[in-house]
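One-letter residues, chain by chain:
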Amino acid sequence: MIRARGLNKWFGEHHVLRDVDLDVARGEVVVVVGPSGSGKSTLCRCLNRLETVQRGEVVIDGVPAPLEGRELAKLRADVGMVFQSFNLFQHMSVLDNVVLAPVKVRGASRTDAEKSARELLERVGIGAQADKLPAQLSGGQQQRAAIARALAMTPKVMLFDEPTSALDPEMVGEVLDVMTGLAADGMTMVVVTHEMGFARKAADRVVFMADGQIVEQGAPAAFFDSPQTDRARDFLAKVLTH
């Protein structure tokens with residue numbers, strides 16, 4: 001579903017991604033972990049061209065990711081993105097946030113889009129909040145609304161860029177539960193996260209990044225129980241002891 005080859009990205013003099021290759025199979029859940037500044041979020045944003053790479057290629061479902069224009073908009077419609085900071089339209093109800101893109105981008109009727117949106121809001125556990133404004137919801141509810149909004153486009157792939165890092169600890173679980181449900185339903189997902197429990201439980205594969213490179217990857221049990229590199233061992237020693 002996703003094939004990235006030789007991705008290189010600089011911000012000024014800073015070389016953020018260094019020859020990164022990544023394959024994600026249809027229906028696979030890949031969780032990307034690593035220390036802050038390792039390039040995880042940049043990689044995630046490069047997969048749908050929110051960031052452009054200076055070198056390398058991204059192919060989504062057999063189609064090279066275009067650089068601009070209508071084809072890029074079409075790619076983004078097929079690749080759902082959930083951000084750290086929700087990015088909901090604050091002046092619109094939760095329902096209208098979810099309905100907007102299917103109507104404007106996919107050309108769905110308001111009636112069909114609203115029916116689908118209400119079903120999605122029920123699925124993520126906030127059906128009763130549909131007519132409220134985002135500011136009236138908790139952070140966890142807002143993030144679940146953002147997930148429903150991404151799902152409303154019936155994407156082929158979902159990208160999650162640290163979706164729980166802006167949440168209070170007691171709200172993290174409710175968002176991870178929704179994501180675990182999506183994984184169980186067979187959604188192709190790339191998840192950048194610091195939540196090691198989620199990585200262990202929901203991932204098909206864990207990708208460990210450091211210094212702009214993929215250092216190690218493998219099944220969750222193998223990665224957490226017997227990491228192959230000193231860099232991964234050092235990282236896990238720090239994050240798993242607290």
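All of these numbers come straight from a predicted model, not from anything done at the bench. (Residues numbered from 1 in each chain as written. Predicted model: local features only at pLDDT ≥ 70, side-chain atom pairs only at ≥ 80, totals over all residues. Heavy atoms only, no water.)

Concerning the pattern of salt bridges
Considering all chains together, one arrives at 20 salt bridges under this definition. With a shortest N-O distance of 3.1 Å, R106 and D78 are connected by a salt bridge. You can see R106 sitting in the loop between α3 (94–104) and α4 (110–123) and its partner D78 sitting in helix α2 (residues 69–78), a full 28 residues away along the chain. R106 gets classed as partly exposed once you look at its relative accessible area, which sits at 38%. By relative accessible area, D78 is classed as buried at 14%. (Salt bridge = Lys/Arg side-chain N within 4 Å of Asp/Glu carboxyl O. Helix = DSSP H or I, 4+ residues; strand = E, 2+ residues; numbered from the N terminus. Buried < 20%, exposed > 50% of the residue type's maximum accessible area, 1.4 Å probe, protein only.)

Overview of the packing of aromatic side chains
In this structure the tally under the stated criterion is three aromatic pairs. Plain terms: the ring middles of F208 and F223 are 6.0 Å apart, the flat faces sit at 35 degrees to each other, and that makes the pair tilted. Here F208, found in strand β9 (residues 205–210), pairs with F223, found in helix α8 (residues 220–225); they are 15 residues apart in sequence, far enough to count as distant. What makes F223 buried here is its relative accessible area of 2%. With centroids separated by 5.2 Å and ring planes inclined at 75 degrees, the aromatic side chains of F223 and F224 adopt a geometry described as edge-to-face. Each member of the pair, F223 together with F224, is buried. Ring pairs connect the aromatic residues F208, F223, F224 and F235, which therefore count as one cluster. (Phe/Tyr/Trp six-rings, centres within 6.5 Å; stacked < 30°, edge-to-face > 60°.)

Describing helix α9 (residues 230–239)
Buried residues of α9: A232, F235 and L236, and no others. Projection of α9 onto a plane perpendicular to its axis shows the buried side chains occupying an angular sector of 95 degrees, all on one side. Seen from the open side of α9, the exposed residues pointing more than 90 degrees away from its buried face are D230 and K238. Taken together, the buried residues of α9 touch β3 (29–33), α7 (196–202), β9, β10 (213–218) and α8. (Arc of directions from axis to C-beta. Contact = heavy atoms within 4.5 Å.)

Digging into unusual backbone geometry
Phi at R49 is positive, roughly 65 degrees, even though this residue is not glycine. Position of R49 relative to the elements: it lies in the loop between α1 (40–47) and β4 (55–60). The class for R49 is buried, based on a relative accessible area of 7%. Unlike most non-glycine residues, F86 shows phi in positive territory, near 65 degrees.

Some thoughts on the UniProt feature "domain: ABC transporter" (unreviewed entry) in the chain
When the UniProt feature table is mapped to this numbering, "domain: ABC transporter" (unreviewed entry) covers residues 2–236. Along residues 2–236, the helical share is 39% and the strand share 26%, with 27 Å between the first and last C-alpha atoms. (UniProt positions renumbered as here; feature names shortened; annotations may be inferred.)

Here's the deal with the packing of α3 against helix α5 (residues 139–151)
Their axes nearest at 8 Å, the elements α3 and α5 cross at an angle of 25 degrees. It follows from the interaxial angle that α3 and α5 lie roughly parallel. The handedness of the crossing between α3 and α5 is right-handed. Judged by residue contacts, V94, N97 and V98 of α3 engage A145, A148 and R149 from α5. Within the contact of α3 with α5, the residues separate by chemical class into four nonpolar, one polar and one charged. (Axes fitted to C-alpha atoms, helices over the stretch in contact; angles between N-to-C directions. Parallel < 35°, antiparallel > 145°, perpendicular 65-115°, else oblique. Left-handed = near helix turned anticlockwise from the far one by under 90°. Nonpolar A, V, L, I, M, F, W, Y, C, P; charged D, E, K, R; others polar.)

Some thoughts on the packing of α5 against helix α6 (residues 169–184)
Running from N to C, α5 and α6 point in directions that differ by 20 degrees, and their axes come no closer than 8 Å. Relative to α6, α5 is oriented roughly parallel. Here α5 runs over α6; the crossing is right-handed. Side by side, α5 and α6 meet where G139, G140, Q141, Q143, R144, I147 and L151 of the first sit next to M171, E174, V175, V178, M179 and L182 of the second. Of the residues contributing to the contact of α5 with α6, the split by class is seven nonpolar, four polar and two charged.

Here we look at the layout of surface pockets
Looking at the largest pocket, its volume works out to about 510 Å³. Looking at the largest pocket, it is lined by 20 residues, and the ones nearest its centre are R76, M81, A101, R149 and M153. Of all the elements in the fold, those that place two or more residues in the lining of the largest pocket are α2, β6 (79–82), α3 and α5. Residues of the lining of the largest pocket, tallied by class, amount to 13 nonpolar, four polar and three charged. The computed volume of the second largest pocket comes to approximately 180 Å³. Lining the second largest pocket are I60, D61, V63, P64, P66, E71, K74, L75, D78 and K156. For the lining of the second largest pocket, the elements supplying multiple residues, two or more each, are β5 (63–64) and α2. Per-element accounting of the lining of the second largest pocket gives the leading share, four residues, to α2. (1 Å grid on protein atoms, 1.4 Å probe; cavity = no way out; pocket = protein on both sides within 12 Å on 5 of 7 lines; lining within 4 Å. Points joined across faces, edges and corners; volume = space filled by probe spheres on them.)

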